[in-house]
Amino acid sequence: MTAKAKKLTHEEFASLLAVGNASANSAAPAIPAKHRARLIALGYMVFLQGRLRMTTPGRIRIYAGQLDS
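Reading guide: rules and limits
- Residues numbered from 1 in each chain as written.
- Predicted model: local features only at pLDDT ≥ 70, side-chain atom pairs only at ≥ 80, totals over all residues.
- Heavy atoms only, no water.
- Helix = DSSP H or I, 4+ residues; strand = E, 2+ residues; numbered from the N terminus.
- Contact = heavy atoms within 4.5 Å.
- Areas by Shrake-Rupley, 256 points an atom, 1.4 Å probe, with all protein chains shown as cover.
- Buried < 20%, exposed > 50% of the residue type's maximum accessible area, 1.4 Å probe, protein only.
- Expected span 1.5 Å × (residues − 1).
- Arc of directions from axis to C-beta.

A word on the overall build of the protein chain. For the protein chain, the count of helices and strands is three helices and two strands. The order of helices and strands in the protein chain, counted from the N terminus, is α-α-β-β-α. For the protein chain, contacts bridging at least 24 residues in sequence account for 53% of all contacts bridging at least 6. Taken as a whole, the protein chain presents about 4,600 Å² of accessible surface, with 58% of it coming from carbon and sulfur.

Pasting the structure below:
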């Protein structure tokens, strides 16, 4: 994990992956409200036009998380 990456629980990281893997045309995945609030606060996703969208830092965090395993 990079030095700037914030520590996520396994469940929060799974929520990040769920949003990141969702197709733009599919229904948004349901993730816990606490995860959504934290991931938005960390800048990994945004709520835009009624659904969650990944940000560039969120995609980088997914990549960094894959390097950890």
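Picking up after the structure, the text goes on.
A word on the environment of lysine 34. Position of lysine 34 relative to the elements: it lies in helix H2 (residues 33-41). Residue lysine 34 is classed as exposed on the basis of its relative accessible area of 72%. When the C-alpha positions of lysine 34 and glutamate 12 are compared, they lie 8.9 Å apart, and in sequence the two are 22 residues distant.

For the rest of this paragraph, the subject is the side chain of serine 15. Along the chain, serine 15 turns up in helix H1 (residues 10-21). Residues in contact with serine 15, not counting those within four places in the same chain, are Ile31, Pro32, His35 and Leu39.

Here H1 spans 16 Å end to end across 12 residues, near enough to the 16 Å set by a 1.5 Å rise per residue. Along H1, the residues classified as buried are Glu12, Phe13, Ser15, Leu16, Val19 and Gly20. Along the axis of H1, the buried residues cluster in a sector spanning 155 degrees; they form a single face. Away from the buried face of H1 by more than 90 degrees, exposed residues His10, Glu11 and Asn21 are located.

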